[in-house]
Amino acid sequence: MCGITGVAAFKGSPHPTLEQLKTMCDSIFHRGPDQDGMHIQDGVALGMRRLSIIDLSGGRQPIFNQDRTILTVFNGEIYNFRELRSKLESKGYTFATKTDTEVIVYAYEEYGIEFPKYLNGMFAIALHDTVQKKLYLVRDHLGIKPLYYAFNQNDLVWGSEIKAILASGRVEKTLDLDALGEYLAWEYVPGKATLFKEIRQLEPGQLLEINLENPRCEPQTYWDIPRTKEIELSDEEWADKVEAQLRKSVTMQLVSDVPLGAFLSGGVDSSLTVALMGKAQTYSIGFDDPSYNELQWSEKVAAYLGVEHINEVIQPNVVELFEHLMYFLDDPIGDFSIFPTYLVSRLARQYVTVSLSGDGGDELFGGYETYLADEKARQYQKIPAIFRKNLIEPLIKSLRPQPQKKGLVNKAKRFIEGLENPVDLSHARWRIFAGDTVRSQLFTAEANQELVTPSAAHIIDLFNKAGDRQPQNRSMYVDVKSYLSDDILVKVDRMSMAVSLESRVPYLDADLVELAFQIPERLKVTPGETKVLLKSVAARHVPAECVYRPKEGFSIPIKNWLCNEFRPLMEELLSDQAIRDQGIFQVKTIKRLKQEHLAGMANHSHILWSLIVFQSWYKRWLKN
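Residues numbered from 1 in each chain as written. Predicted model: local features only at pLDDT ≥ 70, side-chain atom pairs only at ≥ 80, totals over all residues. Heavy atoms only, no water.

### Observations regarding the overall build of the chain
- Within the chain one finds 26 helices and 17 strands.
- A compact globule built from 624 residues should have a C-alpha radius of gyration of about 25 Å, and the chain, at 24 Å, falls within 12% of that.
- Across its three principal directions, the C-alpha atoms of the chain cover 75 × 60 × 45 Å.
- Looking at the 624 residues of the chain, the share that counts as buried comes to 61%.
- A total of about 24,000 Å² of accessible surface is found on the chain, and carbon and sulfur atoms cover 49% of it.
- Computed over 72 positive and 83 negative side-chain charges, the inter-centroid distance for the chain is 2 Å. (Helix = DSSP H or I, 4+ residues; strand = E, 2+ residues; numbered from the N terminus. Rg over C-alpha atoms; globule rule 2.2 N^0.38 Å. Buried < 20%, exposed > 50% of the residue type's maximum accessible area, 1.4 Å probe, protein only. Areas by Shrake-Rupley, 256 points an atom, 1.4 Å probe, with all protein chains shown as cover. Lys, Arg positive; Asp, Glu negative; His and termini not counted. Charge placed at Lys NZ, Arg CZ, Asp CG, Glu CD.)

Written as structure tokens, this is what we have:
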């Protein structure tokens, strides 16, 4: 596990220097505190910071092929490197190390531009072919590892994090207001955009080939979730098939030359992962607020499985923690759960360097309540419109939010809010927090002119790209390609790497992903029940009471924190004067949102928190 960065200077552009490259590497020191590696040749600079996981003594990067004409730096793990190495050795290639990195240069030498298809793992790769005068940037199938780049007529600059690109001094910093509109809609910037106009993200399953003598920037897709038909097997046969594939994925991801453990929330996904690991040390955290503490469930699962379990009840200084975490969000997300993700990563890092997680299970097997909401919406539409519009909806909107996070009133209000979003969004109607109407009220008239992308556009495009799959698989395709890759995996990567911890995700093995999209809909979501098949598999290994319980999620009491611990910060960053001076948002709208939230008239925690995170980002990366 590492962080990578680099520069390719085109003809006429000043070549990168070792000092410049070192500054870029130092900016992502947290991703790899064990070693650095730098190489400059023919105007191409490859740099990395290494967190040593495999071949501790021999895996230093860059790694070269035998005649030193091909070199690479990469971030991640290639889980099938031993099998791939054997195959390449049988073709005559000679390896000088035991590291997984070395298979990349020889896979490229053997398979050319097709080489990413042979890699099973999580990776962001920069590879320089000095003979062909080509540079390749590659991101793994599901987007587990990040890779950003800035391209212009002078050079290409890239990095595992945006801060490494900015550290080059070669890239301007300009706010992309259109991307900001999408960020406030979804709490993350979807697709290839970032909040910097000049910087883009290589999307999951994509490869960028740059001819250094005639540079053009046209990313191409080497992998997507195949459009395969559902396979009809008995329920038991499907359970056996999924368990076998998940077990294979977990086993592959246990390869490590350093201590390894697992996050354990006590939910279906993490519990099943731990069960299939066998012997493991596990970690979980809870807050002192009992409404946001699930430690009883993780303790039950750990005791049942007989694993060593370490948990911690957290009473953090949240404002101080906020300031610390914002440094790692140079591509901001408004996801509250950055806090528990960071805290459990920090706990695990006291004992291990690698930790497995259960991320991806919801997107592949139908775990979100938004899928149930979409079905309920179809039933709700059968009620005559006169009753819906004139009686039910006004009544629910008039109710005050409940203090508890899972109250019936809160669910009803959120359900009605979601119905106001475009029906083309399907289940994602309940994911959007600032649609076009809200955005028009949030932004000034001048800023609104730059919001050229409708808030729903990217997600609707993904639904279209999903094609003629079954309805549930279309929804899950969208989640894998957006919410998972642009929010969940960003959060996990940044918060785990902030403490130099490698987080692995067995559910996102590409073979398991392809299998999941062949499972019949009846085994994913049914009326009133999510994740039908995966729960049946989990129930083979952990107590049924831990499997068949309401989904809680990895959440925090942010609604209350905004009224208490975070209130001074909110008042500072969202003050009338700060908003007026910035000139992006309407003062009266921000003031109303704060007043209604503080008075308990409405729960605006999502939009207020996203604004706070943006203001902190803006202050750090654009004003400074």
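Don't stop here, the text continues.
### Observations concerning the sheet that holds strand 2 (residues 35-41)
- The strand order across the open sheet formed by six strands is 2-3-1-9-8-10, and the pairing between neighbours is antiparallel. Strands at the two margins of the open sheet, each flanked by one partner only, are strand 2 and strand 10 (200-201).
- Running over the sheet, helix 1 (residues 18-26) touches strand 1 (2-9), strand 2, strand 3 (44-50) and strand 9 (155-159) and is turned about 145° from strand 2. (Pairing = 2+ DSSP bridges. Contact = heavy atoms within 4.5 Å. Axes fitted to C-alpha atoms, helices over the stretch in contact; angles between N-to-C directions.)

### Quick word on helix 6 (residues 235-252)
- Over its 18 residues, helix 6 runs 26 Å from end to end, which matches the ideal 26 Å to within 8%, given 1.5 Å per residue.
- Looking only at helix 6, the buried set comprises Trp238, Ala239, Val242, Glu243, Gln245, Leu246, Ser249, Val250 and Met252. (Expected span 1.5 Å × (residues − 1).)

### Here's the deal with the pairing of strand 6 (residues 121-129)
- Counting buried residues in strand 6 gives nine out of nine residues, a clear majority hidden from the surface.
- Side chains Gly121, Phe123, Ile125, Leu127 and Asp129 of strand 6 all project onto a buried face; the interleaved residues Met122, Ala124, Ala126 and His128 project onto the opposite face, where all are buried too.
- The sheet contact formed by strand 5 (residues 70-78) and strand 6 spans nine bridges and is antiparallel. Counted as the bridge partner of valine 73 is alanine 126 from strand 6.
- Inspection of the sheet shows strand 6 paired to strand 7 (residues 134-139) by six bridges, in the antiparallel sense. Its bridge partner lying in strand 7, histidine 128 is registered against leucine 135.
- Connecting strand 6 to the antiparallel partner strand 7 that follows it, the hairpin turn spans four residues, and lysine 133 within it adopts a positive phi of roughly 55°.

### Describing the sheet that holds strand 11 (residues 206-211)
- The six strands are arranged 4-5-6-7-11-12 in an open sheet whose pairing can be described as antiparallel. Single-partner strands in this sheet number two, and they are strand 4 (63-64) and strand 12 (220-221).
- Contacting strand 4, strand 5, strand 6 and strand 7, helix 3 (residues 102-111) runs over the sheet at an angle of about 120° to strand 5.

### Quick notes on the pairing of strand 3
- The element strand 3 is largely enclosed, with a buried count of seven among its seven residues.
- On strand 3, burial covers both faces: Val44, Leu46, Met48 and Arg50 on one face and Ala45, Gly47 and Arg49 on the other are all buried.
- The pairing of strand 1 with strand 3 spans seven bridges and is antiparallel. Residue threonine 5 lies in a different strand from strand 3, and its bridge partner there is glycine 47.
- Pairing between strand 2 and strand 3: seven bridges, direction antiparallel. Counted as the bridge partner of glutamine 35 is arginine 50 from strand 3.

### A look at the packing of helix 9 (residues 318-326) against helix 10 (residues 338-349)
- Where helix 9 meets helix 10, the axes come as close as 11 Å, and the angle between the chain directions of the two elements is 85°. It follows that helix 9 is roughly perpendicular to helix 10 by the angle criterion. When helix 9 is examined against helix 10, the residues Val318, Leu321, Phe322, His324, Leu325 and Met326 are found in contact with a partner set consisting of Ile338, Phe339, Tyr342 and Leu343.
- In the contact of helix 9 with helix 10, the residues fall into nine nonpolar, one polar and no charged. (Parallel < 35°, antiparallel > 145°, perpendicular 65-115°, else oblique. Nonpolar A, V, L, I, M, F, W, Y, C, P; charged D, E, K, R; others polar.)

### Quick notes on the side chain of aspartate 129
- Within the secondary structure, aspartate 129 is located in strand 6.
- The buried charged residue aspartate 129 lacks any salt bridge partner; its closest oppositely charged side chain belongs to lysine 134, at an N-O distance of 7.6 Å.
- Within the structure, aspartate 129 has its side chain in polar contact with the backbone nitrogen of valine 131 (distance 3.1 Å).
- Setting aside chain neighbours within four positions, we find aspartate 129 in contact with Thr69, Ile70, Tyr108 and Lys134. (Salt bridge = Lys/Arg side-chain N within 4 Å of Asp/Glu carboxyl O. Polar contact = N/O pair within 3.5 Å; in protein donor to acceptor, adjacent residues only side chain to side chain.)

### Thoughts on the environment of glutamate 369
- When you line up the elements, glutamate 369 lands in helix 12 (residues 369-380).
- Using a relative accessible area of 36% as the deciding quantity, one classes glutamate 369 as partly exposed.
- Along the sequence, glutamate 369 and aspartate 493 sit 124 residues apart, while their C-alpha atoms lie 24 Å from each other.

### Some thoughts on the pattern of salt bridges
- Applying the stated criterion across every chain, the model contains 45 salt bridges.
- One salt bridge connects aspartate 26 with lysine 22, and the closest N-O pair in it is separated by 2.9 Å. Taken together, the residues span about one helical turn, with aspartate 26 and lysine 22 both in helix 1 at a distance of four residues.
- The exposure class of lysine 22 is partly exposed, given its relative accessible area of 39%.
- Measuring nitrogen to oxygen at the nearest pair gives 2.9 Å for the salt bridge that ties arginine 31 to aspartate 493. With a gap of 462 residues between them, arginine 31 in the loop between helix 1 and strand 2 and aspartate 493 in helix 18 (residues 471-497) connect regions that are remote in the sequence.
- On the basis of relative accessible area, aspartate 493 is assigned to the buried category, the value being 2%.

### Things to note about helix 3
- Counting buried positions along helix 3 yields eight of 10 residues, so the element is predominantly enclosed.
- For helix 3, every residue scored as buried is listed here: Glu102, Val103, Ile104, Val105, Tyr106, Ala107, Tyr108 and Tyr111.
- Check the buried side of helix 3 and you find it contacts strand 4, strand 5, helix 2 (81-89), strand 6 and strand 7.
- With its phi angle positive at about 65°, glycine 112 sits one or two positions after the end of helix 3.

### Section: a nonpolar patch on the surface
- On the surface, Ile383, Ile386, Phe387 and Leu391 cluster together into a nonpolar patch covering about 390 Å² of accessible area.
- For phenylalanine 387, the position within the fold is in helix 13 (residues 385-398).
- Assessed through its relative accessible area of 46%, phenylalanine 387 is described here as partly exposed. (Patch = residues over 30% accessible without salt bridge, like charges linked within 9 Å, V, L, I, M, F, W, Y side chains within 5 Å.)

These figures capture arrangement, not role.
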